[in-house]
Amino acid sequence: MSILSYKGYQGRFAYDSDADLFHGDVLHISDVVTFQGRSIDELKTALADSVEDYFALCKEVGKLPQKPFSGRFNVRLTPELHQKAARSAALEGVSLNNWIAHTVEKAVAG
């Protein structure tokens, strides 16, 4: 599987050798938004078109499009790990939230 992005929406796609085309769906929303194309360029255009169609449909029916990410998520930790993270944050003089955000940022930066 591979990922493309458009306006903050991520589309996961794969190649279907039987149909000789790429097909994909938008991740992280419960509404169903799909796209397909025979080349990567077609796939990028199809993702953009599908997201724009999704926006138009939402407007037409009077609902807000789902956002893939709110910037908030809950993390479940063992009490011991929670304590260690809070201690590390305190030692660095930052809030636990800021410490976790910085730690995640470093991890995904590669």
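An account of the accompanying structure is given in this report. From a predicted model like this one, the values you see are computed outputs, not experimental measurements.

1. Details of the overall build of the protein chain
- In terms of helices and strands, the protein chain carries three helices and four strands.
- Counting from the amino terminus, the protein chain carries its helices and strands in the arrangement β-β-β-β-α-α-α.
- Taken over C-alpha atoms, the radius of gyration comes to 19 Å for the protein chain, far larger than the 13 Å a tight globule of 110 residues would show.
- If one aligns the C-alpha atoms of the protein chain with their principal axes, the spans along those axes are about 55 × 35 × 20 Å.
- Across the 110 residues that make up the protein chain, the buried fraction comes to 23%.

2. Here we look at the pairing of strand β3 (residues 21–26)
- Here strand β2 (residues 9–16) runs beside β3; their pairing, made up of six bridges, is antiparallel. Across the sheet, the residue bridging to Gly11 is Val26, located in β3.
- Here β2 folds back onto β3 in antiparallel fashion, the turn holding four residues, of which Asp20 has a positive phi close to 55°.
- As judged from the four bridges shared by β3 and strand β4 (residues 34–37), these two strands associate in the antiparallel manner.

3. Some words on the pairing of β2
- Both strand β1 (residues 2–6) and β2 contribute to a ladder of five bridges, which runs antiparallel. Its bridge partner being in β2, Ser2 is matched across the sheet by Phe13.
- Hairpin geometry of β1 and β2 is characterised by an intervening segment of two residues between the two adjacent antiparallel strands and by a positive phi of about 50° at Lys7.

4. Let's talk about the pattern of salt bridges
- One pass over the full model with this rule turns up three salt bridges.
- In this structure, Lys7 engages Glu52 in a salt bridge whose closest nitrogen and oxygen atoms are separated by 2.7 Å. Highlighted residues: Lys7 in the loop between β1 and β2 and Glu52 in helix α1 (residues 40–61), separated in sequence by 45 residues.
- Of the residues examined, Lys7 reaches a relative accessible area of 54% and is grouped as exposed.
- Asp25 is the salt-bridge partner of Arg12, the closest N and O atoms lying 3.2 Å from each other. Placement of the pair is Arg12 in strand β2 and Asp25 in strand β3, with a sequence separation of 13 residues.
- What makes Arg12 partly exposed here is its relative accessible area of 32%.

5. Structural notes on a nonpolar patch on the surface
- Together, Phe73, Val75, Leu77, Leu81, Val104 and Val108 line one region of the surface with nonpolar side chains, adding up to about 580 Å² of accessible area.
- Within the secondary structure, Val104 is located in helix α3 (residues 96–109).
- The exposure class assigned to Val104 is partly exposed, which follows from its relative accessible area of 38%.

Thresholds applied
- Residues numbered from 1 in each chain as written.
- Predicted model: local features only at pLDDT ≥ 70, side-chain atom pairs only at ≥ 80, totals over all residues.
- Heavy atoms only, no water.
- Helix = DSSP H or I, 4+ residues; strand = E, 2+ residues; numbered from the N terminus.
- Rg over C-alpha atoms; globule rule 2.2 N^0.38 Å.
- Buried < 20%, exposed > 50% of the residue type's maximum accessible area, 1.4 Å probe, protein only.
- Pairing = 2+ DSSP bridges.
- Salt bridge = Lys/Arg side-chain N within 4 Å of Asp/Glu carboxyl O.
- Patch = residues over 30% accessible without salt bridge, like charges linked within 9 Å, V, L, I, M, F, W, Y side chains within 5 Å.
- Areas by Shrake-Rupley, 256 points an atom, 1.4 Å probe, with all protein chains shown as cover.

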